[in-house]
Amino acid sequence: MLWNDALEALVGEFGLTLETVYLLPLMPLVEVMWADGVTQPAEISIFYGCLTRHLADLYNQADGEEVISIAEAERFAGDLLNTGPDPEKLHRLSELSVQLLNLIP
């Protein structure tokens, strides 16, 4: 799969913005959190810790430029964590995320 194909699938199928694509490394964690059909407070805490570290890494890698706002990241996370996503759709999103990440040199 080519980078553009994977990106178009993610944006088209899941309504992601170009900014939220940067949060895709967290998708496997979200999939695991919903494996039993419910998220636990401890899992949510771990997720937000990972999200915070990921945003800081993006900021550092972009030489101090904001890649994705905290508000947009929280909105993205809230959508995934507050409402149980369709398991098949979540699995597909996780798969596409991994494919996209594997295409990064």
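Scroll up to find the structure.
Rules of the game
- Residues numbered from 1 in each chain as written.
- Predicted model: local features only at pLDDT ≥ 70, side-chain atom pairs only at ≥ 80, totals over all residues.
- Heavy atoms only, no water.
- 1 Å grid on protein atoms, 1.4 Å probe; cavity = no way out; pocket = protein on both sides within 12 Å on 5 of 7 lines; lining within 4 Å.
- Points joined across faces, edges and corners; volume = space filled by probe spheres on them.
- Helix = DSSP H or I, 4+ residues; strand = E, 2+ residues; numbered from the N terminus.
- Expected span 1.5 Å × (residues − 1).
- Buried < 20%, exposed > 50% of the residue type's maximum accessible area, 1.4 Å probe, protein only.
- Arc of directions from axis to C-beta.
- Axes fitted to C-alpha atoms, helices over the stretch in contact; angles between N-to-C directions.
- Parallel < 35°, antiparallel > 145°, perpendicular 65-115°, else oblique.
- Left-handed = near helix turned anticlockwise from the far one by under 90°.
- Contact = heavy atoms within 4.5 Å.
- Nonpolar A, V, L, I, M, F, W, Y, C, P; charged D, E, K, R; others polar.

### Overview of the layout of surface pockets
Argument step 1. Computed from the structure, the largest pocket encloses a volume of approximately 340 Å³.
Argument step 2. In this structure, the largest pocket is lined by 17 residues; those nearest its centre are Phe-14, Leu-16, Phe-76, Asp-79 and Leu-80.
Argument step 3. Secondary structure elements with two or more residues in the lining of the largest pocket: α4 (70-82) and α5 (87-102).
Argument step 4. Broken down by element, the residue count for the lining of the largest pocket peaks at five residues, all from α4.

### Section: α5
Argument step 1. Between its terminal C-alpha atoms α5 stretches 22 Å, which fits the 22 Å expected from 16 residues at 1.5 Å a residue.
Argument step 2. Those residues of α5 lying buried are Leu-90, Leu-93, Ser-94, Leu-96, Ser-97 and Leu-100. Considered in projection along α5, the buried side chains sweep an arc of 165° and stay on one side of the axis. For α5, the exposed residues set more than 90 degrees away from the buried face come down to Pro-87, Glu-88 and Asn-102.

### Comments concerning the packing of helix α3 (residues 41-61) against α4
Argument step 1. Contact geometry for α3 and α4: axes closest at 12 Å, N-to-C directions at 150°. As summarised for this structure, α3 and α4 are arranged roughly antiparallel, according to the angle between their axes. Handedness of the α3/α4 crossing: right-handed. Residues Ile-44, Phe-47, Tyr-48, Leu-51 and Leu-55 of α3 touch α4, and the partners they reach there are Ile-70, Ala-73, Glu-74, Ala-77, Gly-78 and Leu-81.
Argument step 2. Of the residues belonging to the contact of α3 with α4, the class tally is nine nonpolar, one polar and one charged.

That is the geometry; function is a separate question.
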